[in-house]
Amino acid sequence: MTTPPLHWRRLPLLALGMASLLAALAGGLARLHWRFPLVTGSWITYHGPLMAGGFLGTVIALERAVAVGRRPAFLVPVLAAAGGLALLVGLPRLFGATLLALAAAGLAALYATLLARRLTTHTATMALGAACWLAGNLLWLAGWEIPTVAPWWLAFLLLTIVGERLELSRFRPPGRLGERLFLAAAGLYLAGTALTVVQPGAGWRLLGVGEVALAAWLGRYDIARYTVRQHGLPRFVAVCLLSGYLWLALGGCLALAVGAPPGGDLPYDLLLHPILLGFVMAMIFGHAPIIFPAILGRPLPFFPRFYLHLALLHLSLAARIAGDLTGLLPARGWGGLFNAVAILLFLLSTVAAIVAGERLRG
Ligand code: HEM
């Protein structure tokens, strides 16, 4: 049996994406008053764009470049990784924001080439996600404050993931009614995001309704409802997804209740992290065993210990959100700290699994 080639040239891009993740984690913890050596002001200020653009923008663009399979497509993750690096080393915002805007434009162009090949709802949904990333980065480049731009980065991540789930639901097509309900839910969500530009309060409430509707749609039509009955990796992936949909629904209810609080306020944290940690990070935990082998060309065997970082993520996030709701700052602080521990445990567990996979191949 021939050994598949290791795509070592993709490793520096993944490493830069991970560097953005680690800097963003340290910056986020500093905003919860945890003090660590070497943390710079730019990691704290740019926690959001480092996470959404430098880390997730790079990984999503790399995954798509692999799917398109043409060398020029890899320019997109290079731009995203360079944007993250510019923020990480503390260059003026203009550099990072420009590179991330170019990466978002490139990602939208990649989807346009896929759509030109075949027009599908799932690719159109992911393309809309890339368009939201571009809109957010252009607003940020134009000088808008991060709290007013954050809904667009949220939409980038949410629509990308929902589009991927829609792509995978082709094994159990949702049918005409299901397709229409999906378009209605995604439409509500996008309308809310757009409305935040002119009426932040009403916009956040409407996108909250969209989040609840999308969570209900995914809970009803995602194949995870069936694969959760299987064993091993399919069940783990399904548990990550279904638990993430609960956070998406809760995040939507909170947005409906809270509206648009100013940045820096406890309620602001309530709007963001049930989605960004409970939904987005849980999706990453579930998709990593599928995405990393596709990117690296190396197997990533499943281990039951993967449930540890997932359980820690959910428990620590519940503590953090309870702290935000009650004003109990220690719950928020310690919850946030263990959010970071869960993500670090995920990274360690994933690398250990890849190494174990190499050994198993002998
Ligand atoms: C251990 C994990 C994390 C910690 C400790 C953390 C911490 C924080 C804090 C304290 C804030 C400010 C909220 C406020 O002003 O009340 C914040 C904002 C934000 N976070 Fe996180 N976060 C984490 C994970 C994430 C993840 C995974 C993402 C994205 C995928 C993310 C994206 C954002 C964004 C976009 C903002 C708004 C940025 C701003 O207003 O400057 N965070 N985060």
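Residues numbered from 1 in each chain as written. Predicted model: local features only at pLDDT ≥ 70, side-chain atom pairs only at ≥ 80, totals over all residues. Heavy atoms only, no water.

Asks: Looking at this structure, I do not really get helix H4 (residues 75-88). What am I missing?
Replies: Two residues of an α-helix separated by three or four positions point the same way, owing to the 3.6 residues in each turn. The end-to-end C-alpha separation of H4 is 20 Å, in line with the 20 Å expected for 14 residues at 1.5 Å each. In terms of burial, H4 is a largely internal element, 10 of the 14 residues being buried. Listed as buried for H4 are Val76, Pro77, Leu79, Ala80, Ala81, Gly83, Gly84, Ala86, Leu87 and Leu88. In this structure, the buried side of H4 is in contact with helix H1 (11-31), helix H2 (41-45), helix H3 (47-68), helix H5 (93-117) and helix H6 (121-141). (Helix = DSSP H or I, 4+ residues; strand = E, 2+ residues; numbered from the N terminus. Expected span 1.5 Å × (residues − 1). Buried < 20%, exposed > 50% of the residue type's maximum accessible area, 1.4 Å probe, protein only. Contact = heavy atoms within 4.5 Å.)

Asks: Help me understand the side chain of His47 in this model?
Replies: Counting through the fold element by element, His47 comes out in helix H3. A distance of 3.5 Å separates a polar side-chain atom of His47 from the backbone nitrogen of Gly28. (Polar contact = N/O pair within 3.5 Å; in protein donor to acceptor, adjacent residues only side chain to side chain.)

Asks: What am I meant to see in helix H13 (residues 306-326) here?
Replies: In a regular helix each residue adds 1.5 Å, so 21 residues correspond to 30 Å; H13 covers 31 Å between its end C-alpha atoms and thus fits that length. Where H13 is concerned, the buried positions are Phe306, His309, Leu310, Leu313, His314, Ser316, Leu317, Arg320, Ile321, Gly323 and Asp324. At the exit of H13 stands Gly327, carrying a positive phi of roughly 80 degrees.

Asks: Honestly, the coordination of the iron atom of the ligand in this entry has me stumped. Any pointers?
Replies: Working reference: metal with six octahedral donors, ideal angles 90 or 180 degrees; metal with four tetrahedral donors, ideal angle 109.5 degrees. Surrounding the iron atom of the ligand are the protein donor atoms His47 (NE2) and His273 (NE2), which sit 2.0 to 2.1 Å from the metal. Metal-centred angles of 88 to 179 degrees between the 6 donor atoms at the iron atom of the ligand mark the site as octahedral. In this pair, His47 is assigned in helix H3 and His273 in helix H12 (residues 266-296), connecting sequence segments 226 residues apart. (Donors = N, O, S within 2.8 Å, 3.2 Å for Na, K, Ca; no water. Tetrahedral: all angles 85-135°; square planar, octahedral: opposite > 155°, others 65-115°.)

Asks: It is not clear to me how the packing of aromatic side chains should be interpreted in this structure. Could you clarify?
Replies: The relation between two aromatic rings is expressed through the spacing of the ring centres and the mutual angle of the planes. Throughout the structure, instances matching the rule amount to 15 aromatic pairs. Aromatic side chains Tyr46 and Trp140 sit 5.7 Å apart centroid to centroid with 75 degrees between the ring planes, which places their arrangement in the edge-to-face category. Here the residue Tyr46 occupies a position in the loop between H2 and H3, and Trp140 occupies one in helix H6, the gap between them amounting to 94 residues. Clustering of aromatic rings is evident, with ring pairs tying together Phe236, Phe302, Phe303, Phe306 and Tyr307. Above the face of the Tyr226 ring, Arg172 is positioned so that its terminal group lies 3.6 Å from the ring centre. The cationic tip of Arg220 hangs over the ring face of Tyr221; the distance from NZ or CZ to the ring centre is 4.5 Å. (Phe/Tyr/Trp six-rings, centres within 6.5 Å; stacked < 30°, edge-to-face > 60°. Lys NZ or Arg CZ within 6 Å of the ring centre and 35° of its normal.)

Asks: Would you mind showing me how to read the nonpolar core here?
Replies: Note on soluble globular proteins: their nonpolar side chains tend to be buried together. Of all hydrophobic cores here, the largest spans 113 residues; its most connected members are Phe55, Leu107, Trp133, Trp140, Leu214 and Phe279. The biggest single contributor to this core is H12, with 18 residues. Once residues within four sequence positions are removed from consideration, Trp140 is found in contact with Tyr46, Pro49, Leu87, Arg93, Ala97, Leu100, Ile146, Val149 and Trp153. (Core = buried A, V, L, I, M, F, W, Y, C linked by side-chain atoms within 4.5 Å.)

Asks: Any chance you could explain a positive patch on the surface here in plain terms?
Replies: A cluster of like positive charges, contributed by Arg172, Arg220, Arg225 and Arg229, occupies part of the molecular surface. Relative to the helices and strands, Arg225 resides in helix H10 (residues 224-227). With relative accessibility at 31%, the residue Arg225 sits in the partly exposed group. (Patch = residues over 30% accessible without salt bridge, like charges linked within 9 Å, V, L, I, M, F, W, Y side chains within 5 Å. Areas by Shrake-Rupley, 256 points an atom, 1.4 Å probe, with all protein chains shown as cover. Salt bridge = Lys/Arg side-chain N within 4 Å of Asp/Glu carboxyl O. Lys, Arg positive; Asp, Glu negative; His and termini not counted. Charge placed at Lys NZ, Arg CZ, Asp CG, Glu CD.)

Asks: Help me understand the packing of H3 against H5 in this model?
Replies: In a pair of packed helices, the angle between the axes and the distance between the axes together describe the arrangement. The contact between H3 and H5 brings their axes to 10 Å, and the two run at 30 degrees. Judged on the interaxial angle alone, H5 and H3 are roughly parallel. At the point where H3 passes H5, the crossing takes the left-handed sense. Residues Pro49, Gly53, Gly54, Ile60, Ala61, Arg64, Ala65 and Val68 of H3 form the contact with H5, whose own contacting residues are Leu100, Leu107, Leu110, Tyr111, Leu114 and Arg117. A breakdown of the residues in the contact of H3 with H5 according to their chemical character gives 10 nonpolar, 2 polar and 2 charged. (Axes fitted to C-alpha atoms, helices over the stretch in contact; angles between N-to-C directions. Parallel < 35°, antiparallel > 145°, perpendicular 65-115°, else oblique. Left-handed = near helix turned anticlockwise from the far one by under 90°. Nonpolar A, V, L, I, M, F, W, Y, C, P; charged D, E, K, R; others polar.)

Asks: It is not clear to me how the pattern of salt bridges should be interpreted in this structure. Could you clarify?
Replies: Note on pairing: side chains with opposite charge can pair once their charged atoms come close. Enumeration according to the criterion identifies 7 salt bridges in this entry. For Glu164, the salt bridge is made with Arg64, and the minimal N-O distance between the two is 3.9 Å. A residue pair is termed long-range when its members are at least 10 positions apart, and Glu164 in helix H7 (residues 146-168) and Arg64 in helix H3 qualify at 100 residues. On the basis of relative accessible area, Arg64 is assigned to the buried category, the value being 8%. The closest approach of N and O atoms between Glu167 and Arg64, which form a salt bridge, is 3.7 Å. Here Arg64 lies in helix H3 and Glu167 lies in helix H7, a separation of 103 residues in the sequence.

Asks: Any chance you could explain a nonpolar patch on the surface here in plain terms?
Replies: A surface patch of nonpolar side chains, about 470 Å² in accessible area, is lined by Leu85, Val89, Leu91, Leu94 and Phe95. By secondary structure assignment, the location of Leu94 is in helix H5.

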